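Chain and residue survey
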Amino acid sequence: MTVDTSSAETFGWLILAFPLAGAIAIALGFRFWGKAAGWIGTGAIALAFASAIGAFFAIQDLPSESRQVTSSLYDYASAVGLDIKLGILVDPLAVIMALVVTGVSMLIHLYSVAYMDSDRGYVRFFALLNFFVFSMLVLVMAGNLVLLIIGWAFVGYASYALISFWYRRNTATAAGMKAFVINVIGDIGLMLAAFLLFGELGTFDYLALFEEAPGHFDVNDGALVAALLLLLVGAFAKSAQVPLHTWLADAMEGPTPVSALIHAATMVTAGVYLIARTHPLFELAPTAADVAAFIGLLTLIMAATIALVVTDLKRIIAYSTMSQIGYMVVAVSIGAYTAGIFHLMTHAFFKALLFMAAGSIIAAMANRQNIDLMSGFRKAMPFTSALLIIGALALAGFPGTSGFFSKDEILVYAADRGGMYWIFAIGGYAAAFLTAFYSFRIGFRVVWGEPCEEARELERGHMAHGEPENPVTGEKEDTDVGFPGPEHHIAERAWPMRAAMGILGFLALFAGLLQIPGVTAAVEHFLEPTFEGSALFEHHPSTGSAYLGMLVGGILALAGIALAFQVYVRRRGVTAGLVERYRGLHGFLFNRWYFDELLDALVYRPTIAAGRVASNVLERVFVQGIVNGTTGIVRGVGVLVRGAQSGFVRAYALLVVGGFAVLALYFLVVSS
Amino acid sequence: MALEWYLVLSGLLFAVGAAGLLIRRNPLVILLCLELMLNAGNLALLAFARSHGNEEGHVFALIVMVVAACEVVVGLGLIVAMYRRRLPLNVDEMRGLKG
């Protein structure tokens, strides 16, 4: 029996077509659009979202065993043993990712329409934003490793261009370059992995790879483990996991909607998606999966501790993103695929919401981002404050919110797998406590307390307008193109921002209801066709243990929030004493575990030193030696024969005549 | 007439040309001497052609004439250019190629 898959294929291609068309239209008509660019961009993504919904229903209509629809437009390269198609794979995993990406992107576009309104790079911003969404969707919908790598690299570029969006700000361009370089390291890892897999299995196609692999590889086959570790280099560079995580905090130099879109909701989850996508390979090589899980655990604990002390509002959220992605990496590496993807989804909601609220607050502070300066915004900005608290609740895993269900599902699964996997449960719960604490460090410091000067001014209806300056270095800046615009926009005064934040707030609170242990399992049922045949997917913790885990998680979340309340509301100022007492620890955390310095010492300095050796020794002694030697020889010979060149024409003539005369004599003598 | 006479005359003409080439300093005269040498060669070629009874020598002589015509064009052009620029018409003083 053949199944008609054409509607799923059509919707799959439409998902890609709309953002691409939007990006091209906005970019080519940049002189023409003006403020309309924002709505065109938002509309294009909204159409892509509608297509994703269409794909969702189309795929639901198919019988469950044929819910992996492939479609290809043309053969990109076709030769003996090589068959690369421009092909997509529409299956539940891709569709759920596409839904999250397009849905959250649509809301962030809507938010940006108001938030970026006075920026002189308005049209450029939306062209890049649409291009980013297109790239991300190529990555998600790709049906083979080649198209995946194309999307992967496009996303890296879009991220670079958007981080450096304020291109006349030196710190922003430096951050963009850092992100790009680290992402390219990941690209190289991914490419080598693809080549290795191709060399072993002779195909780039996902489904063919998954079919061939079990017959070709033994469990923990050396070549497969090597390929997957290289794949992880790519995944970790994109998903900001140790030790390739340092770019994410610096990426906060980009405009806040960019941070919400790329560095919270979509791009950084690409690594998680990749691991979930290639799960049949990881199940054949548990060693590689365990490596991934341990790195995820390390990242989630490290980032959570750093988030305790950082003072830049956006950087705190960035470190919490790293930490939450650590949870997802742990989840998809130990086999909790549903939980990992579910957490990816809820995280996209509440983290985008947190960034949007942070953007609104930062605008009210006239672009200053230091939370030491902020306090008491609850009266001045009631809407933003409420949604900031909703985001913080979901991040902290407050019982009933979306983050609560998704995070605990991961940890319960880890505990239920037992053995060594207990480490992940324990580490995860410890970090969950820290998460609750630092998320309410933001909440209490920004929303509670005595209103700061800006908040008081705003209560009187006047928004602060400081001198434009770089929030990191304090340098004075312009408001010309290449810098943030002159006006700032807060959610209280711009309905698109309010609408976007409201929808995300609703989702952050209630998305958890999709997947309540023992009651609903919507995400799991939907994802089933992708993960069928996976023993780990079939493994379910019992409902009892799930509720026990949720009890533990809920208590930890409440304890963390209570501790934050103690420290930041009841006994304000106690932090200064703590910093004084644990100066060493604070310095260690504040300097981000010295990872930048470590990479500096391990990679940057040796590279520079090697370059210096090459330039001073290799270049100067050997290369220049050879070059100078050659010219010296030529010149020496020239000196020797120069005497013959007298410039005396008749002497030349004599030589010619004499020479021929000698030749003639010689032949005469020889012939006679 | 025997072939030798032609060759002797040709050799004499060549020697006169070569001597003039080596002795004289005026480029115009040197050019004339060159023509003399070329035509000495032509004479030898034609003499051999007649004595062997075939046409190959004639062909070569024609080619030599073409070459000689080209050479005169270039040579005279150079000399006129030198004259126009008031350069001394003396090959011994033109030593710009000295190494």
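Residues numbered from 1 in each chain as written. Chains lettered and ligands numbered in written order. Predicted model: local features only at pLDDT ≥ 70, side-chain atom pairs only at ≥ 80, totals over all residues.

It is worth spelling out the overall build of chain A at this point. Counting its regular elements, chain A contains 28 helices and two strands. A burial count over chain A gives 52% of its 672 residues as buried. (Helix = DSSP H or I, 4+ residues; strand = E, 2+ residues; numbered from the N terminus. Buried ≥ 20, exposed ≤ 12 C-beta atoms within 10 Å, placed from the backbone.)

Below, the discussion takes up the overall build of chain B. When its secondary structure is counted, chain B shows three helices and zero strands. Helices and strands appear in chain B in the N-to-C order α-α-α. Over its C-alpha atoms chain B spans a radius of gyration of 17 Å, topping by over 25% the 13 Å that the globule rule assigns to 99 residues. Taken along the three principal axes of its C-alpha coordinates, chain B extends 50 × 25 × 25 Å. Here chain B, with 99 residues, has 13% of them falling under the buried criterion. (Rg over C-alpha atoms; globule rule 2.2 N^0.38 Å.)

A few words on the environment of Thr278(A). Here Thr278(A) lies in the loop between helix H12 (270-277) and helix H13 (279-284). With 50 residues separating them along the chain, Thr278(A) and Leu228(A) place their C-alpha atoms 9.2 Å apart.

Quoted interface sizes are often the accessible area lost when the parts come together. With eleven residues of chain B in contact, the opposing surface of chain A contributes ten residues. The residue makeup of the side of chain B that touches chain A, split by class, is six nonpolar, two polar and three charged. (Contact = placed C-beta atoms within 7 Å. Nonpolar A, V, L, I, M, F, W, Y, C, P; charged D, E, K, R; others polar.)

All names here are of chain A. The interhelical angle for the contact between H12 and helix H15 (residues 313-334), taken along N-to-C directions, is 5°, at an axis separation of 9 Å. Considered as vectors, H12 and H15 are oriented roughly parallel to each other. Packed against H12, whose contacting residues are Gly271, Val272, Ile275 and Ala276, the element H15 presents Ile325, Met328, Val329, Val332 and Ser333 at the interface. For the contact of H12 with H15, a count of residues per class yields seven nonpolar, two polar and no charged. (Axes fitted to C-alpha atoms, helices over the stretch in contact; angles between N-to-C directions. Parallel < 35°, antiparallel > 145°, perpendicular 65-115°, else oblique.)

Splitting chain A by domain gives domain 1 (143-585) and domain 2 (597-671). Each of domain 1 of chain A and domain 2 of chain A has a C-alpha centre, and these two points are 63 Å apart. (Domains from an automatic or database assignment.)

This part takes up helix H1 (residues 6-28) of chain A. It helps to recall that an α-helix has 3.6 residues per turn; residues three or four apart then point in one direction. When the terminal C-alpha atoms of H1(A) are compared, their 32 Å separation across 23 residues agrees well with the 33 Å that a helix rising 1.5 Å per residue should span. Buried within H1(A) are the following residues: Ala8(A), Phe11(A), Gly12(A), Ile15(A), Leu16(A), Phe18(A), Pro19(A), Gly22(A), Ala23(A) and Ile26(A). (Expected span 1.5 Å × (residues − 1).)

This part takes up unusual backbone geometry. Residues and elements named next belong to chain A. Geometrically, the link from Val242 to Pro243 is a cis peptide bond, its omega value of 0° lying close to zero. Note on placement: Pro243 falls in the loop between helix H9 (222-239) and helix H10 (246-250). Positioned with a positive phi, Asn220 is a non-glycine residue whose angle comes to about 60°. Within the secondary structure, Asn220 is located in the loop between helix H8 (206-216) and H9. C-beta crowding within 10 Å serves as the criterion here: with 12 such atoms nearby, Asn220 is assigned to the exposed category. Even without glycine at this site, Ala240 takes up a positive phi of about 55°. With respect to the element layout, Ala240 can be found in the loop between H9 and H10.

Here the focus is the environment of Leu9(B). Position of Leu9(B) among the secondary structure elements: in helix H1 (residues 3-23). In this structure, the C-alpha to C-alpha distance between Leu9(B) and Ala40(B), residues 31 residues apart in sequence, is 8.0 Å.

When you line up the elements, Phe537(A) lands in helix H23 (residues 535-538). In this structure the C-alpha to C-alpha distance between Phe537(A) and Gln60(A), which are 477 residues apart in sequence, comes to 20 Å.

Let us now look at the packing of helix H18 (residues 402-417) of chain A against helix H19 (residues 422-447) of chain A. Residue and element names in this part refer to chain A. Following both chains from N to C, one finds H18 and H19 inclined at 150°, their axes separated by 7 Å at the closest point. In this view, H18 runs roughly antiparallel relative to H19, as classed from their interaxial angle. Taken as a pair, H18 and H19 cross one another with a handedness that is left-handed. Side by side, H18 and H19 meet where Lys407, Ile410, Leu411, Ala414 and Ala415 of the first sit next to Trp422, Phe424, Ala425, Gly428, Tyr429 and Ala432 of the second. Split by residue class, the contact of H18 with H19 holds nine nonpolar, one polar and one charged. (Left-handed = near helix turned anticlockwise from the far one by under 90°.)

This part takes up the confidence of the model for chain B. On average, residues of chain B carry a pLDDT of 89, and 99% of them reach 70 or more. If you check the scores for this complex, the pTM reads 0.80 and the ipTM reads 0.84. (pLDDT = per-residue confidence, 0-100.)

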